[in-house]
Amino acid sequence: MSAAPLKVLVVDDEPPIRKLLRMGLSTQGYDILDAPSGKAALELIGEKPDLVILDLGLPDIEGLELLRKIRERNEAVPIVVLSSRGEEAAKVQALDLGADDYVTKPFGMDELLARIRAALRHQLQVHGERPIFRVGELSVDLVRRIVRLGDKEVKLSPKEYDLLRILVQHAGKVLTHKFLLRELWSDLTDAQYLRVYVRQLRQKIEQNPERPQYILTETGIGYRLRAPE
């Protein structure tokens, strides 16, 4: 198993465009949700996508109004507008309403993928996170969800990746057992679950899991990820 893929919500009323985006984004490891209408898009926002690709020419809700509604429901999600309307005024209006980028149809898949990566990197930077975290031989690409030890990619389960990401977000800080349990499971209080995943993660990223250099134990309190020097 690898880390849970990023979810991208594609909102477009043209089936060929949705098919093209589903195929192109799936090959890059993204998990796709698609919506043929504004109403469907607003329902799928509850699935907490990591990014939205939004066509402005929808049949049921005016595109800019839908953009405003999505932004009201999720202030942080990156939104890349995809539209056949290339005039400057439309772009300015969409960006002013909270879009992160604006791509004009027809578009190239490589360009769109680059815009998606840029929007995801920008979101991380806004929240004070490095797009790529490095300490020692360990690197974590928070945009692509790729973990490497030296030049070797490390395959993590979704829960192992979630644990590592939380540690990365708070690198250098002691995180209590209670905090980590709440972030990872919400309803579990037995620290033994946490110890199992910490042990599994150490087996994959530590040169010597019995004498870890990255995930450090704070006895009786919790864990701390070594901060970059």
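See above for the structure.
Since this is a predicted model, take the numbers as computed values, not measurements.

(A) Representation of the overall build of the protein within the structure. Assigned secondary structure in the protein consists of eight helices and twelve strands. Each of the three principal axes of the protein carries a C-alpha extent, and together these read 60 × 35 × 30 Å. The burial tally for the protein puts 45% of its 229 residues in the buried class. Counted over contacts in the protein with a minimum sequence separation of 6, partners at least 24 positions apart contribute 56%. In the protein, 35 positive and 35 negative side-chain charges are present, and the distance between their average locations comes to 6 Å.

(B) Looking closely at the packing of aromatic side chains. For the coordinates displayed, the defined rule picks out two aromatic pairs. Each ring, one from Trp185 and one from Tyr193, has its centre 6.3 Å from the other, and the planes form 55°; the classification is tilted. Tyr193 gets classed as partly exposed once you look at its relative accessible area, which sits at 41%. Consider the rings of Trp185 and Tyr197, whose centres lie 5.5 Å apart with planes at 50°: the pair is tilted. Taken as a pair, Trp185 in the loop between helix H7 (177-184) and helix H8 (191-205) and Tyr197 in helix H8 lie far apart in primary sequence, twelve residues in all. For Trp185, a relative accessible area of 16% gives the class buried. Cluster of aromatic residues (ring-pair linked, three or more members): Trp185, Tyr193 and Tyr197.

(C) The arrangement of the sheet that holds strand S11 (residues 215-218) in detail. The three strands are arranged S10-S12-S11 in an open sheet whose pairing can be described as antiparallel. The open sheet has two edge strands with one neighbour each: strand S10 (175-176) and S11. Its contacts with the sheet put helix H6 (residues 158-169) on S10, S11 and strand S12 (222-225), and the angle it makes with S12 is roughly 70°.

(D) Region of the structure containing the pattern of salt bridges. With the rule as written, the count across this model stands at 16 salt bridges. Two residues, Asp12 and Lys105, come together in a salt bridge whose shortest N-O distance is 3.0 Å. Of this pair, Asp12 sits in the loop between strand S1 (7-11) and helix H1 (15-26) while Lys105 sits in the loop between strand S5 (101-104) and helix H5 (109-126), and the two are 93 residues apart along the sequence. Assigned by exposure class, Asp12 and Lys105 land together as buried. A salt bridge links Arg22 to Asp34; its shortest N-O distance comes to 2.8 Å.

(E) Broad picture of the sheet that holds strand S8 (residues 146-149). In spatial order, the strands read S6-S7-S8-S9; together these four strands make up an open sheet with antiparallel pairing. Here the strands that pair on one side only, and so sit at the sheet edges, are strand S6 (132-135) and strand S9 (152-154). Each neighbouring strand pair of the sheet contributes to a mean axis angle of 25°, computed without reference to strand direction. Relative to S8, strand S7 (residues 138-141) is paired through four bridges, and the arrangement is antiparallel. From the neighbouring strand, Leu138 faces S8, where its bridge partner is Leu149. With respect to the sheet, H6 is in contact with S6, S7 and S8, its orientation differing from that of S7 by roughly 100°.

Definitions and limits used
Residues numbered from 1 in each chain as written. Predicted model: local features only at pLDDT ≥ 70, side-chain atom pairs only at ≥ 80, totals over all residues. Heavy atoms only, no water. Helix = DSSP H or I, 4+ residues; strand = E, 2+ residues; numbered from the N terminus. Buried < 20%, exposed > 50% of the residue type's maximum accessible area, 1.4 Å probe, protein only. Contact = heavy atoms within 4.5 Å. Lys, Arg positive; Asp, Glu negative; His and termini not counted. Charge placed at Lys NZ, Arg CZ, Asp CG, Glu CD. Phe/Tyr/Trp six-rings, centres within 6.5 Å; stacked < 30°, edge-to-face > 60°. Pairing = 2+ DSSP bridges. Axes fitted to C-alpha atoms, helices over the stretch in contact; angles between N-to-C directions. Salt bridge = Lys/Arg side-chain N within 4 Å of Asp/Glu carboxyl O.

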